[in-house]
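# Working through the structure, step by step
These are the residues of each chain, in order.
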Amino acid sequence: MNKALIAALAAAIVLGTTAPALAYNADQLAKVRNGEKNCAGFDLSGAILPERMSNVNLSGANLKGANLSKDNLSKAILDYTTLRGANLSGADLSGSDLTGADLTGADLTGTDLHGAKLAGTKLTGATMPDGTKHP
């Protein structure tokens, strides 16, 4: 289990609060974790995803708030995907198709975007690979 998730759950127990409901589709997340490559339209919002997802098709998927930090998404199809507020810091998105994707408020610090298709991508408020904020 992810250390950040364990810490959040422990804090919720100590403070007597409940952890926020996770919005992702558990069956779809299981398919991704089992190596499924055609994940177009999946709802993985808020999920912590596997580190190796190169060549995966996530076209039109909902990855809002997902943790993709340091993940290998090279040559992934992410066109028209919602990645609002997602953590993509240190991820490898080289050669990926992000055409029309919504990366509003996403963290792209240290992300490799070499050769990525970014036409029509929404980057409002995103932290760019060099650490600057996009207007």
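Our subject is the structure that appears above.
Figured I'd write up the structure that's included with this text.

Parameters and conventions
- Residues numbered from 1 in each chain as written.
- Predicted model: local features only at pLDDT ≥ 70, side-chain atom pairs only at ≥ 80, totals over all residues.
- Heavy atoms only, no water.
- Helix = DSSP H or I, 4+ residues; strand = E, 2+ residues; numbered from the N terminus.
- Buried < 20%, exposed > 50% of the residue type's maximum accessible area, 1.4 Å probe, protein only.
- Contact = heavy atoms within 4.5 Å.
- Salt bridge = Lys/Arg side-chain N within 4 Å of Asp/Glu carboxyl O.
- Polar contact = N/O pair within 3.5 Å; in protein donor to acceptor, adjacent residues only side chain to side chain.

## Points about the overall build of the protein
Within the protein, the secondary structure is distributed over two helices and zero strands. For the protein, the residues scored as buried account for 39% of the 135 residues in total. Long-range pairs, those at least 24 residues apart, make up 2% of the contacts in the protein between residues at least 6 apart in sequence.

## A word on the pattern of salt bridges
Following the criterion strictly, the structure yields one salt bridge and no others. Residue aspartate 102 is joined to arginine 84 by a salt bridge in which the shortest nitrogen-to-oxygen separation is 2.9 Å. One end of the pair, aspartate 102, is in the segment after helix H2 (26–33); the other, arginine 84, is in the segment after H2, with 18 residues separating them in the sequence. Assessed through its relative accessible area of 11%, aspartate 102 is described here as buried.

## Structural notes on the environment of lysine 133
Note that lysine 133 resides in the segment after H2. The exposure class of lysine 133 is exposed, given its relative accessible area of 59%. When the C-alpha atoms of lysine 133 and threonine 109 are compared, they prove to be 9.8 Å apart, with 24 residues separating the residues in sequence. Dropping the residues within four chain positions of it, lysine 133 is found in contact with Gly125, Ala126 and Thr127. A polar atom in the side chain of lysine 133 sits 3.4 Å from the backbone oxygen of glycine 125. Here threonine 127 takes part through its side chain, which lies 3.5 Å from a polar atom of the side chain of lysine 133.

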